[in-house]
Amino acid sequence: QVQLVESGGGLVQPGGSLRLSCAASGISFRLYVMGWYRQTPGKQRELVAALSSGGATNYGDSVKGRFTISRDNAKNTVYLQMNSLKAEDTAVYYCNADAGRRWDTNYNYWGQGTQVTVSS
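Owing to the predicted nature of the structure, the values given are computational and were not obtained by experimental measurement. (Residues numbered from 1 in each chain as written. Predicted model: local features only at pLDDT ≥ 70, side-chain atom pairs only at ≥ 80, totals over all residues. Heavy atoms only, no water.)

## A word on unusual backbone geometry
Even without a glycine there, the phi angle at Asn 76 is positive, about 50°. Examined against the element boundaries, Asn 76 turns out to sit in the loop between strand E7 (67-72) and strand E8 (77-82). The backbone of Asp 104 shows a phi angle near 65°, a positive value even though the residue is not glycine. (Helix = DSSP H or I, 4+ residues; strand = E, 2+ residues; numbered from the N terminus.)

Dropping the structure here:
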(Lines give C-alpha, C1' and ligand atoms only; values in the text may rest on other atoms or scores of the structure.)
Protein backbone atom coordinates (compact mmCIF):
# COMPACT_ATOMS: atom_id res chain seq x y z
CA GLN A 1 0.00 0.00 0.00
CA VAL A 2 1.39 3.37 -1.07
CA GLN A 3 0.47 6.30 1.11
CA LEU A 4 1.49 9.95 1.14
CA VAL A 5 0.13 11.94 4.07
CA GLU A 6 0.47 15.72 4.19
CA SER A 7 0.31 17.79 7.34
CA GLY A 8 1.06 21.30 8.53
CA GLY A 9 -1.46 23.31 6.57
CA GLY A 10 -3.58 26.02 8.13
CA LEU A 11 -4.38 29.70 8.29
CA VAL A 12 -1.46 32.15 8.24
CA GLN A 13 -1.20 35.93 7.98
CA PRO A 14 0.54 37.52 4.98
CA GLY A 15 4.28 37.62 5.59
CA GLY A 16 4.12 34.64 7.90
CA SER A 17 5.68 31.20 7.64
CA LEU A 18 4.48 27.63 7.56
CA ARG A 19 6.13 24.24 7.19
CA LEU A 20 4.40 21.38 5.43
CA SER A 21 5.35 17.74 5.91
CA CYS A 22 4.65 14.68 3.79
CA ALA A 23 5.22 11.23 5.22
CA ALA A 24 5.57 8.45 2.64
CA SER A 25 5.07 4.74 3.11
CA GLY A 26 4.92 1.75 0.80
CA ILE A 27 7.62 3.04 -1.58
CA SER A 28 11.40 2.87 -1.84
CA PHE A 29 11.67 6.51 -0.86
CA ARG A 30 15.22 7.08 -2.12
CA LEU A 31 14.23 6.08 -5.65
CA TYR A 32 11.66 8.87 -5.94
CA VAL A 33 11.73 12.51 -6.83
CA MET A 34 9.55 14.15 -4.19
CA GLY A 35 7.57 17.25 -4.95
CA TRP A 36 4.96 19.72 -3.83
CA TYR A 37 2.19 20.99 -6.09
CA ARG A 38 -0.71 23.31 -5.42
CA GLN A 39 -4.13 23.90 -6.87
CA THR A 40 -6.91 26.47 -6.52
CA PRO A 41 -10.49 26.09 -7.78
CA GLY A 42 -10.74 26.43 -11.56
CA LYS A 43 -6.99 26.31 -12.11
CA GLN A 44 -4.57 23.59 -13.11
CA ARG A 45 -2.29 22.02 -10.56
CA GLU A 46 1.11 23.72 -10.64
CA LEU A 47 4.58 22.77 -9.50
CA VAL A 48 5.75 24.42 -6.30
CA ALA A 49 8.99 22.55 -5.70
CA ALA A 50 10.64 19.20 -6.39
CA LEU A 51 13.70 17.46 -5.00
CA SER A 52 15.54 14.35 -6.16
CA SER A 53 17.49 12.01 -3.93
CA GLY A 54 20.67 13.39 -5.49
CA GLY A 55 19.84 16.92 -4.41
CA ALA A 56 18.60 18.43 -7.67
CA THR A 57 15.81 20.96 -7.10
CA ASN A 58 13.18 22.60 -9.21
CA TYR A 59 11.04 25.53 -8.02
CA GLY A 60 8.10 27.29 -9.50
CA ASP A 61 8.95 30.87 -10.47
CA SER A 62 6.39 32.36 -8.10
CA VAL A 63 7.96 30.78 -5.01
CA LYS A 64 11.69 31.04 -5.74
CA GLY A 65 13.51 32.70 -2.87
CA ARG A 66 10.61 32.19 -0.48
CA PHE A 67 10.05 28.43 -0.31
CA THR A 68 12.55 25.66 0.40
CA ILE A 69 12.05 21.95 -0.17
CA SER A 70 13.99 19.35 1.81
CA ARG A 71 13.82 15.65 2.52
CA ASP A 72 14.83 13.24 5.25
CA ASN A 73 15.38 9.86 3.64
CA ALA A 74 15.74 8.15 7.02
CA LYS A 75 12.24 9.32 7.94
CA ASN A 76 10.73 8.93 4.46
CA THR A 77 9.53 12.50 4.74
CA VAL A 78 9.66 15.56 2.52
CA TYR A 79 9.15 19.10 3.80
CA LEU A 80 8.21 22.46 2.36
CA GLN A 81 9.30 25.52 4.31
CA MET A 82 7.19 28.48 3.22
CA ASN A 83 8.30 31.98 4.18
CA SER A 84 7.04 35.45 3.31
CA LEU A 85 3.66 34.02 2.47
CA LYS A 86 1.30 35.95 0.22
CA ALA A 87 -2.43 35.75 -0.35
CA GLU A 88 -1.67 34.28 -3.78
CA ASP A 89 -0.13 31.25 -2.06
CA THR A 90 -3.55 30.19 -0.83
CA ALA A 91 -4.26 26.74 -2.27
CA VAL A 92 -4.49 23.06 -1.55
CA TYR A 93 -0.96 21.71 -1.44
CA TYR A 94 -0.32 18.17 -2.64
CA CYS A 95 2.63 15.89 -2.05
CA ASN A 96 3.91 13.89 -5.02
CA ALA A 97 6.30 10.97 -5.43
CA ASP A 98 7.63 10.16 -8.89
CA ALA A 99 10.06 7.46 -10.06
CA GLY A 100 9.33 7.75 -13.76
CA ARG A 101 8.04 5.17 -16.19
CA ARG A 102 9.50 1.69 -15.97
CA TRP A 103 8.33 -1.42 -17.85
CA ASP A 104 5.12 0.30 -18.95
CA THR A 105 4.31 1.33 -15.38
CA ASN A 106 4.14 4.96 -14.33
CA TYR A 107 5.41 5.16 -10.76
CA ASN A 108 3.65 8.31 -9.66
CA TYR A 109 1.67 8.87 -6.46
CA TRP A 110 -0.22 11.71 -4.82
CA GLY A 111 -1.31 12.64 -1.34
CA GLN A 112 -4.80 13.91 -0.58
CA GLY A 113 -3.68 17.47 0.02
CA THR A 114 -3.58 20.00 2.82
CA GLN A 115 -5.19 23.45 2.77
CA VAL A 116 -3.03 26.54 3.14
CA THR A 117 -4.84 29.84 3.55
CA VAL A 118 -2.96 33.14 3.70
CA SER A 119 -5.22 35.91 4.94
CA SER A 120 -5.40 38.71 7.47
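## A short note on the pairing of E8
Counting buried positions along E8 gives five out of six residues, so the element sits mostly inside the fold. Looking at chain direction, strand E3 (residues 18-25) and E8 are connected through six bridges and run antiparallel. Among the inter-strand pairings, Ala 23 is bridged to a residue of E8, identified as Thr 77. Judged from the six bridges that link them, E7 and E8 form a sheet pairing that is antiparallel. Considered in E8, the bridge of Arg 71 is made with Val 78. Connecting E7 to the next strand, E8, in antiparallel fashion are four residues, including Asn 76 with a positive phi near 50°. (Buried < 20%, exposed > 50% of the residue type's maximum accessible area, 1.4 Å probe, protein only. Pairing = 2+ DSSP bridges.)

## Here's the deal with the pattern of salt bridges
If you walk through the whole model with that rule in mind, you get four salt bridges. Its salt-bridge partner being Asp 61, residue Lys 64 comes within 3.1 Å of it at the nearest N-O pair. Its relative accessible area of 65% is what places Asp 61 among the exposed residues. Its salt-bridge partner being Asp 89, residue Arg 66 comes within 2.8 Å of it at the nearest N-O pair. With Arg 66 in the loop between strand E6 (57-59) and E7 and Asp 89 in the loop between E8 and strand E9 (91-102), this pair connects stretches of sequence that are 23 residues apart. Within this structure, Arg 38, Glu 46, Arg 66 and Asp 89 form a network of salt bridges that share partners. (Salt bridge = Lys/Arg side-chain N within 4 Å of Asp/Glu carboxyl O.)

That is the geometry; function is a separate question.
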